[in-house]
Amino acid sequence: MNYKLGVVMDPIGAINPRKDSTLAMLLDARARGWTLHYMEMDDLYVLDGVAHASMRSLEVTDSTTDWFTLGDSSDRPLGDLDIVLMRKDPPVDLEFISATYILERAEAEGVLVSNRPRALRDVNEKVCTAWFPQCCPATLFTRSQDRLRAFLAEHGSMVLKRVDAMGGRSIFVIHPDEPNTNVILEEMTRRGTRHVIAQAYLAAVTDSGDKRILLIDGDPVPEAVTRMPGPDDFRANLATGATPHPAALTERDRWICAEIGPTLEAWGVHFAGIDVIGGHLTEINVTSPTCIREIDRFHGVDIAARLMDALEARRTRE
């Protein structure tokens, strides 16, 4: 069937085509004969209760130089589309949340939005680990500097994260002898007015890295990638210079996926990327999970095709 697929994303001209997971999805959709329609956040609007967008037709190629061509813009109801991929990167701020309201109106008109707008609002990538404490390191969600100091004293070292960022931004590791602890806590919590996530520091990140596991409809993709931090940085994010390596799922990894997968599917998370360090779940990425292209290259697979198969099957059922 010739589906009409829309994508909401950051400017396509600014992506790294060799690494971009959204481009991998679009390439597979185009290979199926689907028509592609491109949108950015400011293209979305609601008129008299009906979701609309200024859309441009999109052609994509698997190239590192000329990977896309956009057509002329036309205003159309989102309900004209069959599937919409919401692939805007964090931060999940008020503008992002506003976009999910618009996409939810499209969903009400029968469009399959992936991931579901409600899930994008409710499943915060850091905080939602609280639903699966059996899988995670010791974790504290608070804006109290006193509680954070007590957590640090109890666990020796901790990692501190903002709840709305991505790509290794605003992540600190604090050891007991850190002279800037008070400054870091003040700045990260905005002097006790913003919630943050603290997790017990997992030293395994320096030896075995941070494993990225992808899940489609709650089921883990058997192939994975491990991201090893650089010599001068504890962060195992590709965006901060970490190096990817091929990886396979362990028994512990599969147990974690079995613990969280059914809940993610029930929440409407069709595609997720989880981070596992030393056998502990640290994050559940649902906004724009990455590493499709790295895993494909290492293992000779086509994860985007598996995802599009799943979305096509879901669109047929719904």
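For the structure, see preceding data.
Residues numbered from 1 in each chain as written. Predicted model: local features only at pLDDT ≥ 70, side-chain atom pairs only at ≥ 80, totals over all residues. Heavy atoms only, no water.

J.: Please provide a residue-by-residue account of the overall build of the protein, values included.
T.: In terms of helices and strands, the protein carries 9 helices and 17 strands. By the compact-globule yardstick of 20 Å for 318 residues, the protein fits well, its C-alpha radius of gyration being 20 Å. Along the longest, intermediate and shortest principal axes, the C-alpha atoms of the protein span 60 × 45 × 35 Å. Counting over 318 residues, the protein shows a buried share of 52%. Counting only contacts in the protein whose residues sit at least 6 apart along the sequence, the fraction spanning at least 24 positions is 68%. Working note: accessible area of the protein is about 13,800 Å², and carbon and sulfur atoms make up 49% of it. Within the protein, one finds 35 positive and 48 negative side-chain charges whose respective centroids are separated by 2 Å. (Helix = DSSP H or I, 4+ residues; strand = E, 2+ residues; numbered from the N terminus. Rg over C-alpha atoms; globule rule 2.2 N^0.38 Å. Buried < 20%, exposed > 50% of the residue type's maximum accessible area, 1.4 Å probe, protein only. Contact = heavy atoms within 4.5 Å. Areas by Shrake-Rupley, 256 points an atom, 1.4 Å probe, with all protein chains shown as cover. Lys, Arg positive; Asp, Glu negative; His and termini not counted. Charge placed at Lys NZ, Arg CZ, Asp CG, Glu CD.)

J.: Give me the side chain of D217: which residues, what numbers.
T.: Counting through the fold element by element, D217 comes out in the loop between β12 (210-216) and β13 (219-220). At 3.0 Å, the side chain of D217 forms a polar contact with the side chain of R314. Excluding residues that lie within four positions of it along the chain, D217 makes contacts with E265, H270, A310 and R314. (Polar contact = N/O pair within 3.5 Å; in protein donor to acceptor, adjacent residues only side chain to side chain.)

J.: If you had to explain the sheet that holds strand β8 (residues 139-142) to someone new, which residues and values would you point to?
T.: Ordered by their spatial adjacency, 4 strands build an open sheet running β8-β11-β9-β10, and the pairing between neighbours is antiparallel. Each edge of the open sheet is held by one strand with a lone partner, namely β8 and β10 (171-174). Between one strand axis and the next, the sheet turns by 20° as a mean value, whatever way the strands run. Relative to β10, strand β9 (residues 158-161) is paired through 4 bridges, and the arrangement is antiparallel. Residue pairing in the sheet places L160 in a bridge with F172 of β10. (Pairing = 2+ DSSP bridges. Axes fitted to C-alpha atoms, helices over the stretch in contact; angles between N-to-C directions.)

J.: Please give an account of the pairing of strand β17 (residues 280-285) that cites residues and values.
T.: Across a regular strand the side chains alternate sides, sitting on one face of the sheet and then on the other. The element β17 is largely enclosed, with a buried count of 5 among its 6 residues. Between strand β16 (residues 271-277) and β17, which follow one another and run antiparallel, lie 2 residues, and G278 among them has a positive phi close to 55°.

J.: Explain the nonpolar core to me, using residue names and the numbers behind them.
T.: Counting residues in hydrophobic clusters, the biggest one holds 40 residues, and the most contacted among them are M39, L44, L78, I260, I274, L281 and I284. For this core, the secondary structure elements donating two or more residues are β4 (50-60), β6 (83-86), α2 (94-108), α3 (117-122), β12, α7 (251-267), β16 and β17. Sort the elements by how many residues they give to this core and α2 lands first, with 5 residues. Leave out the neighbours within four places in its chain, and I260 touches F132, C135, I274, L281 and I284. One finds L5, I15, V301 and L307 within the second-largest nonpolar core, a separate group that totals 36 residues. (Core = buried A, V, L, I, M, F, W, Y, C linked by side-chain atoms within 4.5 Å.)

J.: So what's going on with helix α5 (residues 181-188)? Residues and values would help.
T.: Of the residues making up α5, those classed as buried are T181, I184, L185 and M188. What you see down the axis of α5 is that its buried residues fit within an arc of 95°, all on one side. Here the buried face of α5 lies against α4 (145-155), β9, β10 and β11 (196-200). Positive backbone phi, at 50°, marks R190, one or two positions downstream of α5. (Arc of directions from axis to C-beta.)

J.: With reference to specific residues and values, describe the side chain of E283.
T.: By secondary structure assignment, the location of E283 is in strand β17. A polar atom in the side chain of E283 sits 3.0 Å from the side chain of K161. With residues near it in sequence (within four places) discarded, E283 still touches E125, K126, T129, K161, G273, I274 and D275.

J.: I'd like a description of helix α8 (residues 292-299), backed by residues and values.
T.: Within α8, the full set of buried residues consists of I292, R293, E294, I295 and D296. Buried residues along α8 sit in contact with α1 (21-31), β12, β14 (223-228), β15 (243-248), β16 and α9 (303-317). Once α8 finishes, G300 follows within two positions and takes phi at roughly 65°, a positive value.

J.: Hey, could you go over the packing of aromatic side chains for me, with residue numbers and the actual values?
T.: Inspection of the entire model under this criterion finds 4 aromatic pairs. With centroids separated by 5.1 Å and ring planes inclined at 80°, the aromatic side chains of Y3 and W34 adopt a geometry described as edge-to-face. Of this pair, Y3 sits in the segment before β1 (4-8) while W34 is found in the loop between α1 and β2 (35-39), placing the two residues 31 residues apart along the sequence. W34 carries the same exposure label as Y3, and that label is buried. Aromatic side chains W131 and W267 sit 6.1 Å apart centroid to centroid with 85° between the ring planes, which places their arrangement in the edge-to-face category. On the criterion of sequence distance, the pair formed by W131 in the loop between α3 and β8 and W267 in helix α7 is long-range, its members being 136 residues apart. Given the relative accessible area of 54%, W131 is considered exposed. Among the residues examined, W267 registers a relative accessible area of 28% and is labelled partly exposed. Members of the aromatic cluster, joined through ring pairs, are W131, F132 and W267. (Phe/Tyr/Trp six-rings, centres within 6.5 Å; stacked < 30°, edge-to-face > 60°.)

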